[in-house]
Amino acid sequence: MGKYIARRLAQSVIVLLGVTLLAFVTLHLAGDPTYLYVSERASEQEIIDTRARLGFDRPLPEQYLSFVVRMFQGDLGVSLRSRKPALEMVMERLPATLELTICAMLFSTLLAIPVGILCATRRGTPLDGGIMLLAMMGQSMPGFWLGIMLMLFVGLQLRWLPISGHEPVLEYFLRGDFARGLQNLPQAIPYLILPSITIGVFSLSRNARLVRSSMLEVLNQEYITTARSKGLTERNIIVRHAMKNAMLPVVTLLGLEFGFLLSGVVVTETVFSWPGVGRLVFNAITQRDIPVVQAAVVTFSFMFILLNLLVDIIYVQLDPRIRLS
Amino acid sequence: MADASITRLNAEALAPQVSEWRRAWRSLLKARWPILGLVILGIMAFLSVFGPAIAPRDPNRQTLVERLLPPMQTDAEGQVKYPLGTDGMGRDLLSRMIYGARISLLVGFAAVAIGGLLGITLGIVAGFLGGYVDDIIMRVADIQLAFHFILLTIMVLVVLGAGIGNLVIVLGVGQWVTYARIARGQTISIRAKEYVEAARSMGATSREIIWRAILPNIMSPLIVIASFNVASVILAEASLSYLGLGVPEDIPTWGKILAESRDQLLAGKWWLAVFPGIAIMLTVLSLNILGDWLRDFLDPRLRGSRS
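Residues numbered from 1 in each chain as written. Chains lettered and ligands numbered in written order. Predicted model: local features only at pLDDT ≥ 70, side-chain atom pairs only at ≥ 80, totals over all residues. Heavy atoms only, no water.

A. How the structure looks around the overall build of chain A. In terms of regular secondary structure, chain A is built from 15 helices and 0 strands. Considered along the principal axes of its C-alpha atoms, chain A spans approximately 85 × 55 × 40 Å. Within chain A, buried positions represent 48% of all 325 residues. Expressed as a percentage of contacts within chain A between residues at least 6 apart in sequence, the contacts between residues at least 24 apart total 73%. Carbon together with sulfur atoms contributes 63% to the accessible area of chain A, which is approximately 16400 Å² in total. (Helix = DSSP H or I, 4+ residues; strand = E, 2+ residues; numbered from the N terminus. Buried < 20%, exposed > 50% of the residue type's maximum accessible area, 1.4 Å probe, protein only. Contact = heavy atoms within 4.5 Å. Areas by Shrake-Rupley, 256 points an atom, 1.4 Å probe, with all protein chains shown as cover.)

Here you go:
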C-alpha cells in the first residue's frame, strides 16, 4: 500500500516536471520569446533590454532551471497588460470556475445514473431509443453551441433564465465567510443553470450510455437470474443487487471527469461571459498575453495531476484488486 | 523459402477479406443508421471537394447593404438570393458554410492521419522492441495523458500563431497516445503468436513480420478509434476557431462563423448561430454512428455474443 502510494507520488512528480518542461518549451517554440513580450514597433535597444531583463539571453538549461524554481515559489511571470502577477490573476478567477465545474459535474452525474438505469430496464422500447439518440446527439455537438442555443431560446426568446451574470458563492466559502456565501446562493443558482448544462451535457450523454450498457451487462449475469428466480421484484433486483456493480465503471470515470469538464470551461465561460479562468484565458489569447495563458495552463495541469493522484489513492482503498496488479 | 511462408501467411489473411466486404455491406444495411451517416458524410465530402463550384457566391464578398438578411428572404423580384441569409458583413451564409465543410473535414482527417501514423509507429516499435525503448515511449505517453489537452493546444497555438498547418499538427500530435497504447498492446500479444514464430523461423525479417503479420492484424481497433477521433478533432477545431485560434481570417470555418455570430446574438439574428452548429452536429453525429457500427462489426467478442 505504502509502496503503491510512493510509486504513484514519484510518477506525479515526473509528470509535474514534464508539464513545466512542456510549458517552457512551448514558449520557445516560435524562436526567441523576447518578441512575444515587446511591441512590434520596439527599438533594437528595447528588445535587447527586454531580453536581458527576462533572462532570455542565458543558456536554455539555465533558463529552464530558474523557470522551475520561480514556479515553485509561485511566480509565473507578470501579465503583459495589467502588470499584475499572472498566477494571482488566475487564482482570483478560480473560485468562479470551480463553482461552474462542480455544478456541471453534479448535473452530469446525478442525472446520468437514473436515466441510464431507466434505459437499461426499458431496453428496446421507443423511450430507450429516443433517449439514446438524444445522448448520441449530446456527444456530437460542440458544447458551446448548445450554450448559444440555450441562450437564444431559453434566455432571449422565453426569458426564463439570465444569459449572463454571476453571484459569488464559493469565493466567500473559501474565505471562511459561510453566512455570506449561503446568503448569495439563491441568487447565484439562476446564473449557474445554463452554463452548467452547457458544460455537462457531453458528460451526461456519455455517462448515461455507460450506465446503460454496464447495467445491461450486469443484468445478464447469473446472480441476477438467481435473484429473479427467488421471486424478487424487479425494483429490488436493480436497486439492491445490480446497481452496486453497474456503478463501478462510472465511478472509475468520475476522477477523469473533473479534469475533462475543466476543459469545456474555457469556451463556455466565453459564451456566457462568466468571470472565471476561462474568460481570462480567452482575453489573454486575444491580447497575446502569454504569461497569463501559461499560468492558467500550469495551474489547471497541477490541479488535474493532484486530482488524479487523489482519485487513484482512494480507489486502492475501495477496490483491493488494484493493489495486487 | 521465407517468401513462400510469408505469401501463404498473406494469402490466409487475405482470403476471408473478399467476403468480409460483403458481410460489412450486409451488416450496414441491417443496422440502417450507419447508412444515413455514410450519406451525410458523403454529402459533406462532396461539398468540400467541389465547394467552389457549388457555392452560389464568393464566401468573402461583402455586400454591406444586404447585411443580416434572414434566411429565405425574397428580394424585389420575388427571388431568394440568400437561402440561409447573410452575416453582419453581408456575406452569404450558405457559401461560407459550404467552404467551411472543407476545413472541418480536412482538419479532422489530416490530424487523425498524423496522430494515427505517429502513434501506430511508436506503438509497434515499443511493443516489438520492448526494453528501454518501450519504457521511454510509454512514459512520454503517460506524461502527455496527464496534461490538459485543450489548454496545451491553446498555449501552443497562442505562441505559434493560428494557421491550418499548426492546427493540424497540434491536434494530430495530441492524438498519438491512444493509438500507441493500443498498437503496443496488440503488437505484444501478436508477437508471441505461433504464426509469427513460424515466419521468423523461416527467416522472415522484422520488417516483413511487422508489415505482413502484425500491421494487418492490429488495424481493426485502430480504425474504430480513428473514426471517433475524427469526430472529436472536428469538435476541437470548432472550439478553437470559436476562441479565435483556428485558421486565418479569410478562410471561413463553421467554428468561426459561430464566433462571428456572438455579436449578432442579442439582436436575435439566430441563423448565424443555428446553421453552422447543425452542420457540425450532423457531421460529428455521422462519424459517431459509423464508429459505433464499426466497433460492433469489427470487435469479434461482440460479434460472437450476437449471433
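B. Spatial organisation of the interface of chain A and chain B. Listed as interface residues are 48 residues of chain A and, on the opposing side, 37 residues of chain B. Together chain A and chain B conceal approximately 3900 Å² of surface at their shared face, both sides included; 83% is due to carbon and sulfur atoms. A salt bridge links Arg209 of chain A to Asp292 of chain B; its shortest N-O distance comes to 3.0 Å. Counting every contact that joins chain A to chain B gives 3 residue pairs in polar contact (both at pLDDT 80 or more). Sorting the residues of the side of chain A that touches chain B by element identifies α1 (2-29), α6 (126-138), α7 (143-157), α9 (178-219), α12 (248-272), α13 (277-286) and α14 (290-318) of chain A as the ones contributing at least two each. (Buried area = accessible area lost by both parts, 1.4 Å probe. Salt bridge = Lys/Arg side-chain N within 4 Å of Asp/Glu carboxyl O. Polar contact = N/O pair within 3.5 Å; in protein donor to acceptor, adjacent residues only side chain to side chain.)

C. Here's a closer look at unusual backbone geometry. All names here are of chain A. At Arg159, a position not held by glycine, the phi torsion is positive, near 60°. Tracing the backbone through its elements, the reader meets Arg159 in the loop between α7 and α8 (170-175). One non-glycine residue, Ser273, lies in the positive phi region at around 50°. Among the secondary structure elements, Ser273 is positioned in the loop between α12 and α13. You can call Ser273 partly exposed: its relative accessible area is 34%.

D. Examining helix α9 (residues 206-242) of chain B more closely. The terminal C-alpha atoms of α9 of chain B lie 46 Å apart, and with 37 residues this falls more than 12% below the ideal 54 Å at 1.5 Å per residue. Positive backbone phi, at 80°, marks Gly244 of chain B, one or two positions downstream of α9 of chain B. (Expected span 1.5 Å × (residues − 1).)

E. Structural view of the packing of helix α8 (residues 194-201) of chain B against α9 of chain B. Residue and element names in this part refer to chain B. Taken N-terminus to C-terminus, the directions of α8 and α9 make an angle of 160°; their axes are 10 Å apart at the nearest point. Relative to α9, α8 is oriented roughly antiparallel. Our pair here, α8 against α9, has a crossing hand that is right-handed. Between α8 and α9, the residues in contact are Tyr195, Val196 and Arg200 and Ser206, Ile209, Ala213 and Asn217, respectively. Here the residues of the contact of α8 with α9 sort into 4 nonpolar, 2 polar and 1 charged. (Axes fitted to C-alpha atoms, helices over the stretch in contact; angles between N-to-C directions. Parallel < 35°, antiparallel > 145°, perpendicular 65-115°, else oblique. Left-handed = near helix turned anticlockwise from the far one by under 90°. Nonpolar A, V, L, I, M, F, W, Y, C, P; charged D, E, K, R; others polar.)

F. Structural view of the nonpolar core. Membership of the largest hydrophobic core comes to 142 residues, with the highest contact counts inside it found for Ile148 of chain A together with Ile154 of chain B. Here Ile154 of chain B is in contact with Val266, Val281, Ile285 and Val293 of chain A together with Leu240, Leu243 and Leu245 of chain B, once residues within four sequence places are set aside. By size, the runner-up hydrophobic cluster in this structure holds 15 residues, among which are Ala120, Leu216, Val218 and Ile237 of chain A. (Core = buried A, V, L, I, M, F, W, Y, C linked by side-chain atoms within 4.5 Å.)

G. Expanded view of the pattern of salt bridges. Residue and element names in this part refer to chain A. According to the stated counting rule, one finds 9 salt bridges over all chains in the structure shown. As a salt-bridge pair, Glu171 and Arg175 come within 2.8 Å of each other at their nearest N and O atoms. Of this pair, Glu171 and Arg175 both sit in helix α8, 4 residues apart, roughly one helical turn.

H. Fine view of the environment of Val274 of chain B. For Val274 of chain B, the position within the fold is in helix α11 (residues 271-298). When the C-alpha positions of Val274 of chain B and Ser261 of chain B are compared, they lie 9.3 Å apart, and in sequence the two are 13 residues distant. Filtering out sequence-adjacent residues up to four positions away, Val274 of chain B remains in contact with Trp145, Met149 and Leu152 of chain A.

I. Quick peek at the environment of Ile234 of chain B. Residue and element names in this part refer to chain B. Mapped onto the elements of the fold, Ile234 is located in helix α9. Spatially, the C-alpha atom of Ile234 lies 24 Å from that of Thr121, the residues being 113 residues apart in sequence. Beyond its immediate sequence surroundings of up to four residues, Ile234 is in contact with Ser104, Leu105, Gly108, Ile280, Thr283, Val284 and Leu287.

J. Quick peek at the packing of aromatic side chains. Within the structure shown, the criterion is met by 9 aromatic pairs over all chains. Consider the rings of Phe46 of chain B and Phe50 of chain B, whose centres lie 4.9 Å apart with planes at 50°: the pair is tilted. Of the two residues, Phe46 of chain B and Phe50 of chain B both sit in helix α2 (residues 33-54), 4 residues apart, roughly one turn of that helix. An aromatic cluster is present here, built from Phe24, Tyr64 and Phe67 of chain A joined pairwise through their rings. (Phe/Tyr/Trp six-rings, centres within 6.5 Å; stacked < 30°, edge-to-face > 60°.)

K. Highlighting the side chain of Asp128 of chain A. All names here are of chain A. Tracing the chain through its elements places Asp128 in helix α6. A relative accessible area of 4% means that Asp128 is categorised as buried. Contacts of Asp128, omitting those with residues within four sequence positions, involve Cys119, Arg122, Arg123 and Arg212.

L. The arrangement of the packing of α7 of chain A against α11 of chain B in detail. Where α7 of chain A meets α11 of chain B, the closest approach of the two axes is 10 Å, and the angle between their N-to-C directions is 145°. The handedness of the crossing between α7 of chain A and α11 of chain B comes out as left-handed. For the pair formed by α7 of chain A and α11 of chain B, the contact residues are Trp145, Ile148, Met149 and Leu152 of chain A on the first element and Ala273, Val274, Gly277, Ile278 and Met281 of chain B on the second. Broken down by class, the residue content of the contact of α7 of chain A with α11 of chain B amounts to 8 nonpolar, 1 polar and no charged.

M. Representation of the confidence of the model for chain B in the model. All names here are of chain B. Confidence along chain B averages 81 in pLDDT terms, with 90% of residues attaining 70 or more. Summarising per-element confidence for chain B, the mean pLDDT is lowest in helix α12 (residues 300-306) (42) and highest in helix α3 (residues 93-129) (90). Note on residues 302-307: pLDDT under 50 across the span, and 8 contacts to partners over four residues away in sequence or across chains. Of the two predicted TM-score estimates for the complex, the pTM is 0.84 and the ipTM is 0.82. (pLDDT = per-residue confidence, 0-100.)

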